[in-house]
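Tertiary structure, described
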Amino acid sequence: MIKQQYRLTVNHQDNYVSVEALYFGPADVDQVILHRYSAAIDLVVDRLFGMAYTIECLSRKTVADVRSHEYKLTAVLFENKGKGK
């Protein structure tokens with residue numbers, strides 16, 4: 001069994017979210033980060049913020065072994081409140 005560890009740091013301020021992901025494990029770091037981590041980061045952000053915001057990915061980049069994504073959030077939770085009266 002291969003032991004793999006992942007660490008995600010999510011920073012949310014106003015209408016902006018940044019996520020830094022770090023992989024600790026024996027596999028080829030570049031391939032794991034590019035192919036698995038990117039989709040996992042997008043999914044985490046969607047699960048955390050998708051009910052209240054529309055999410056637009058602004059950037060995806062890798063520096064050394066850190067994968068970084070940035071997102072713009074637009075609130076949608078209450079935007080229809082009061083319409084139709």
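Here the structure is a predicted model, which is why all the values come from computation and not from measurement.

As for the environment of arginine 67
With respect to the helices and strands, arginine 67 occurs in strand β4 (residues 66-75). Sequence separation between arginine 67 and tyrosine 37 is 30 residues; the distance between their C-alpha atoms is 7.7 Å. Polar side-chain contacts of arginine 67 include one of 3.3 Å to the side chain of histidine 69.

Some thoughts on the pairing of β4
The pairing of strand β2 (residues 16-24) with β4 spans 7 bridges and is classified as antiparallel. Across the sheet, residue serine 18 finds its bridge partner in β4, namely glutamate 70. In this structure, the hairpin formed by strand β3 (residues 53-63) and β4 is closed by a connection of 2 residues, where alanine 64 is found at a positive phi of approximately 55 degrees.

A few points about unusual backbone geometry
A positive phi angle, near 55 degrees, is found at aspartate 14, a position not held by glycine. Along the chain, aspartate 14 falls in the loop between β1 (5-13) and β2. Classification of aspartate 14 by relative accessible area gives exposed; the value is 61%.

Considerations on the side chain of arginine 67
Despite its burial, arginine 67 pairs with no opposite charge, the nearest such side chain being aspartate 42 at 7.6 Å. For arginine 67, the side chain forms a polar contact with the side chain of threonine 62, separated by 2.8 Å.

What to know about the sheet that holds β1
Reading across the sheet, the 4 strands line up as β1-β2-β4-β3 and stay open at both edges, with antiparallel pairing between neighbours. Strands at the two margins of the open sheet, each flanked by one partner only, are β1 and β3. Direction aside, the axes of adjacent strands within the sheet are offset by 20 degrees on average.

Some words on the nonpolar core
Val17, Val19, Ala21, Tyr23, Tyr37, Ile41, Val45, Phe49, Tyr71 and Leu73 together form the largest nonpolar core, which totals 10 residues. When residues of this core are traced back to their parent elements, those giving at least two are β2, α1 (29-49) and β4.

Some thoughts on the pattern of salt bridges
Scanning the entire structure with this criterion turns up 1 salt bridge. A salt bridge links aspartate 42 to arginine 60; the nearest nitrogen and oxygen atoms lie 2.6 Å apart. With a gap of 18 residues between them, aspartate 42 in helix α1 and arginine 60 in strand β3 connect regions that are remote in the sequence. For arginine 60, a relative accessible area of 43% corresponds to the partly exposed category.

Each value, and the rule that gives it
- Residues numbered from 1 in each chain as written.
- Predicted model: local features only at pLDDT ≥ 70, side-chain atom pairs only at ≥ 80, totals over all residues.
- Heavy atoms only, no water.
- Helix = DSSP H or I, 4+ residues; strand = E, 2+ residues; numbered from the N terminus.
- Polar contact = N/O pair within 3.5 Å; in protein donor to acceptor, adjacent residues only side chain to side chain.
- Pairing = 2+ DSSP bridges.
- Buried < 20%, exposed > 50% of the residue type's maximum accessible area, 1.4 Å probe, protein only.
- Lys, Arg positive; Asp, Glu negative; His and termini not counted.
- Salt bridge = Lys/Arg side-chain N within 4 Å of Asp/Glu carboxyl O.
- Axes fitted to C-alpha atoms, helices over the stretch in contact; angles between N-to-C directions.
- Core = buried A, V, L, I, M, F, W, Y, C linked by side-chain atoms within 4.5 Å.

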